[in-house]
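# Secondary and tertiary structure notes
This is what each chain is made of:
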Amino acid sequence: MTNVLGVYEPDNIYAAGSTDIERIARKTAVGVNIAKYQVVAVDESGDVIPSVSPDDAYGISAEDIVGIDGEKQNVVLCATGCFQKEGIVFPDGKTADDYIDALKKCNIFLK
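Attention here is on the structure that accompanies the text. Just so you know, these numbers come straight off a predicted model, no measurement behind them.

## Overview of the overall build of the protein
Counting its secondary structure elements, the protein contains 1 helix and 9 strands. Looking at the protein as a whole, 38% of its 111 residues qualify as buried. Long-range pairs, those at least 24 residues apart, make up 61% of the contacts in the protein with a sequence separation of at least 6.

## Considering the sheet that holds strand 6 (residues 59–61)
Taken together, 5 strands build an open sheet; the order of strands is 3-7-6-4-5 and the sheet is antiparallel. The outermost strands of the open sheet, each flanked by one partner alone, are strand 3 (23–27) and strand 5 (48–50). The mean angle between the axes of side-by-side strands here comes to 50°, regardless of whether they run parallel or antiparallel. In this sheet, strand 7 (residues 74–78) lies alongside strand 3 in antiparallel orientation, the contact comprising 5 bridges. Considered in strand 7, the bridge of Arg26 is made with Val75.

## Structural notes on the packing of aromatic side chains
Inspection of every chain in the model, using the stated rule, returns 1 aromatic pair. Ring geometry for Phe90 and Tyr99: centres 5.4 Å apart, planes at 40°, overall tilted. You'll find Phe90 and Tyr99 in the same group, each marked buried.

## Regarding the environment of Gly59
With respect to the element layout, Gly59 can be found in strand 6. The exposure class assigned to Gly59 is buried, which follows from its relative accessible area of 0%. For the pair Gly59 and Ala41, spaced 18 residues apart in sequence, the C-alpha to C-alpha distance is 6.8 Å. Non-local contacts of Gly59, meaning those with residues more than four positions away in its chain, are made with Gln38, Val39, Val40, Cys78 and Ile108.

## Considerations on unusual backbone geometry
Notably, Tyr37 is not glycine yet its phi reads approximately 70°, a positive angle. Mapped onto the fold, Tyr37 is located in the loop between strand 3 and strand 4 (39–42). By relative accessible area, Tyr37 is classed as buried at 8%. Residues other than glycine seldom take positive phi values, yet Asn107 does so here, at roughly 65°.

## Description of the pairing of strand 7
Sheet analysis places strand 6 next to strand 7, joined by 2 bridges and oriented antiparallel. Opposite Ser61, over in strand 7, you have Leu77 as the bridge partner.

## A word on the environment of Gly93
Along the chain, Gly93 falls in the loop between strand 8 (81–83) and helix 1 (96–104). With relative accessibility at 78%, the residue Gly93 sits in the exposed group.

About the cut-offs
Residues numbered from 1 in each chain as written. Predicted model: local features only at pLDDT ≥ 70, side-chain atom pairs only at ≥ 80, totals over all residues. Heavy atoms only, no water. Helix = DSSP H or I, 4+ residues; strand = E, 2+ residues; numbered from the N terminus. Buried < 20%, exposed > 50% of the residue type's maximum accessible area, 1.4 Å probe, protein only. Contact = heavy atoms within 4.5 Å. Pairing = 2+ DSSP bridges. Axes fitted to C-alpha atoms, helices over the stretch in contact; angles between N-to-C directions. Phe/Tyr/Trp six-rings, centres within 6.5 Å; stacked < 30°, edge-to-face > 60°.

Right under this line is the structure:
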């Protein structure tokens, strides 16, 4: 679909029937890059960082964040909901199967 704003390309990340998606606003750690729909964690300071292990899973980023040296960025996270696992960004070498149980503890479900 094309309109005056450009091309709309739906990403179809939400699983069918998923309407209860809680979004929360947080700050990233300084200079951190986060991809849209990437699994994220929270560091010891409470700042959002990319997840490196299922043990640190906290949520899923709802937007792309390009880190700026010396600055924290605002980021919106999906804190609950049901998502298509094919659209989620996991750390290198990790898969949905690695994260499925950890994300369930956060009330995030992958289909």
